[in-house]
Structure formats: C-alpha cells, structure tokens
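The lines below spell out each chain.
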Amino acid sequence: QVSPGERWQRNSFATIFPVVSLFIYFISPHIYFIIRKSKIQEKSVFKWVSFGFITSVVIAFFQFLSGQSLISDRLGKALQQFYGGSSDFNAFGFFSGVMFLWSTYHVRKKNYLGYGVLLVSLTGGWLSGSRAFFFFLIMGLVNLFLDITRLDKKKKQVLVITIILVVILVIIMGGTLTKRL
C-alpha cells in the first residue's frame, strides 16, 4: 500500500514533469533562433555544450563507481545503466551519441577538443547502455571513413588508428551494452 507521502510525491512528479518538458519544447526553438541571429560560432557552441556534457559523463561515472543512481530507478539499477543527471539512461545515451557524431566533425577539422569529446562520448554511451547510441556510433564511423579518401598518407594513418581504437574500445567496453543487444 502507498503511504500518503508517497502518493503526494507521485502526483507532484506526474504534474511537474510534463510542465517542465513542455517548457523545454517551447523554449528550444527560440533559443535556436537566438543563437542563429547572434552569429555565435559553431566551434564555440561545441565547446560549451562539450563542457556540460563532460560534466554529465563525470556524474555518470561516479554513479558507476558507487553503484547508486541519483533517483530511484529500478530498471536502471537492475541493468546497471547510468544517466549522469539526464532524465533517464536512454536520453543520456542518445545525447552521448549526438556528441559522438558531432565530435567526429571536429576530429575531421583537427579540433583537439573533438578527440577528447569523442572518447568521453564513448564512455557516456557505455555507461548509459542505450541502444540508440549505436545508431550515432555507426554514423560517426561512416563520417570518419568518408574523410579517409581526401587525406595524405600520414593523416590517413592517424585517422585509421583513431577508427580502430574506437572499434576496439566499443568491443572492450561491452558491459551494459551487451546485456541490451
């Protein structure tokens, strides 16, 4: 039986969650157009989004080390999936995938932050255990492969080594992802 206090918490969560979601959906297009009109450089946006994302992955890593979730999430605890402050592990895995794909463009542009975010996003995908991450992983690898034909020999070798390391890391990490596939 549910105690009155628990019933109140469930009702308040059921009320506030859709309100917050609707607010985010409403405000996002406006933020997008503000960014577009202010002529902010994409590289700058990538840098700041990356710092926020890295913070989220660090939180997820601490969840992994402690074995504790920030909220009572029975499915996440049972499958050992972590979400680093996102709404759930699937959202965290999706965002990790988006950051992986975005970082491949920065790797192609020789932006050093791109290499770091690429590794951090792999870690985020592994910690989340989300299957959606694999879609972005495949698209990111295709993006890196497309660049191979336009490079000189030395840069091709570096890119091929990067791709091989990504594939090896995915195989080694396995973990939660292998439980979900």
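Being a predicted model, the structure only gives us computed values, none of them experimental.

Draft legend 1. Expanded view of unusual backbone geometry. Positive phi, close to 65°, is recorded for Lys 110, a residue that is not glycine. Look at Lys 110 and you get partly exposed, because its relative accessible area is 36%.

Draft legend 2. The arrangement of the packing of aromatic side chains in detail. All told, the structure shown has 11 aromatic pairs when counted by the stated rule. Arranged with centres 5.4 Å apart and planes meeting at 75°, the rings of Phe 53 and Phe 95 form a pair that is edge-to-face. Placement of Phe 53 in helix H2 (residues 42–66) and of Phe 95 in helix H4 (residues 89–108) is noted, with a sequence separation of 42 residues between them. For the ring pair Phe 100 and Phe 133, a centre distance of 6.2 Å and an interplane angle of 65° mean the geometry is edge-to-face. With Phe 100 in helix H4 and Phe 133 in helix H6 (residues 132–148), this residue pair connects regions lying 33 residues apart in the sequence. For the residue pair Phe 100 and Phe 133, the accessibility class agrees, reading buried in each case. Ring pairs connect the aromatic residues Phe 61, Phe 64, Phe 82 and Trp 126, which therefore count as one cluster.

Draft legend 3. Quick peek at the packing of H4 against helix H5 (residues 112–128). Relative orientation of the contacting elements H4 and H5 amounts to 160°, with a least axis distance of 8 Å. Between H4 and H5, the interaxial angle falls into the category roughly antiparallel. The handedness of the crossing between H4 and H5 comes out as left-handed. Counting all contacts with H4, which are made through Phe 89, Phe 92, Gly 93, Ser 96, Met 99, Phe 100, Ser 103, Thr 104, His 106 and Val 107, the residues of H5 involved are Gly 114, Tyr 115, Val 117, Leu 118, Ser 121, Leu 122, Gly 124, Gly 125, Leu 127 and Ser 128. Looking at the contact of H4 with H5, its residues break down into 10 nonpolar, 10 polar and no charged.

Draft legend 4. Structural view of the environment of Lys 47. Tracing the backbone shows Lys 47 in helix H2. Measuring from C-alpha to C-alpha, the distance between Lys 47 and Gly 114 comes to 9.0 Å, with 67 residues separating the pair along the chain.

Draft legend 5. Just the confidence of the model for the chain, in detail. Predicted confidence across the chain gives a mean pLDDT of 77, with 78% of residues reaching 70 or more. Summarising per-element confidence for the chain, the mean pLDDT is lowest in helix H8 (residues 175–180) (54) and highest in H5 (90).

Draft legend 6. Just H5, in detail. For H5, built from 17 residues, the straight-helix expectation of 24 Å at 1.5 Å per residue is met to within 8% by its first-to-last C-alpha distance of 25 Å. Buried residues of H5: Gly 114, Val 117, Leu 118, Val 120, Ser 121, Leu 122, Gly 124, Gly 125, Trp 126, Leu 127 and Ser 128, and no others. For H5, the capping residue at the N-terminal end is Asn 111, with a side-chain oxygen 3.1 Å from the backbone nitrogen of Leu 113. Just downstream of H5, Gly 129 is the residue with a positive phi angle, here 70°.

So, how was this worked out
Residues numbered from 1 in each chain as written. Predicted model: local features only at pLDDT ≥ 70, side-chain atom pairs only at ≥ 80, totals over all residues. Heavy atoms only, no water. Buried < 20%, exposed > 50% of the residue type's maximum accessible area, 1.4 Å probe, protein only. Phe/Tyr/Trp six-rings, centres within 6.5 Å; stacked < 30°, edge-to-face > 60°. Helix = DSSP H or I, 4+ residues; strand = E, 2+ residues; numbered from the N terminus. Axes fitted to C-alpha atoms, helices over the stretch in contact; angles between N-to-C directions. Parallel < 35°, antiparallel > 145°, perpendicular 65-115°, else oblique. Left-handed = near helix turned anticlockwise from the far one by under 90°. Contact = heavy atoms within 4.5 Å. Nonpolar A, V, L, I, M, F, W, Y, C, P; charged D, E, K, R; others polar. pLDDT = per-residue confidence, 0-100. Expected span 1.5 Å × (residues − 1). Polar contact = N/O pair within 3.5 Å; in protein donor to acceptor, adjacent residues only side chain to side chain.

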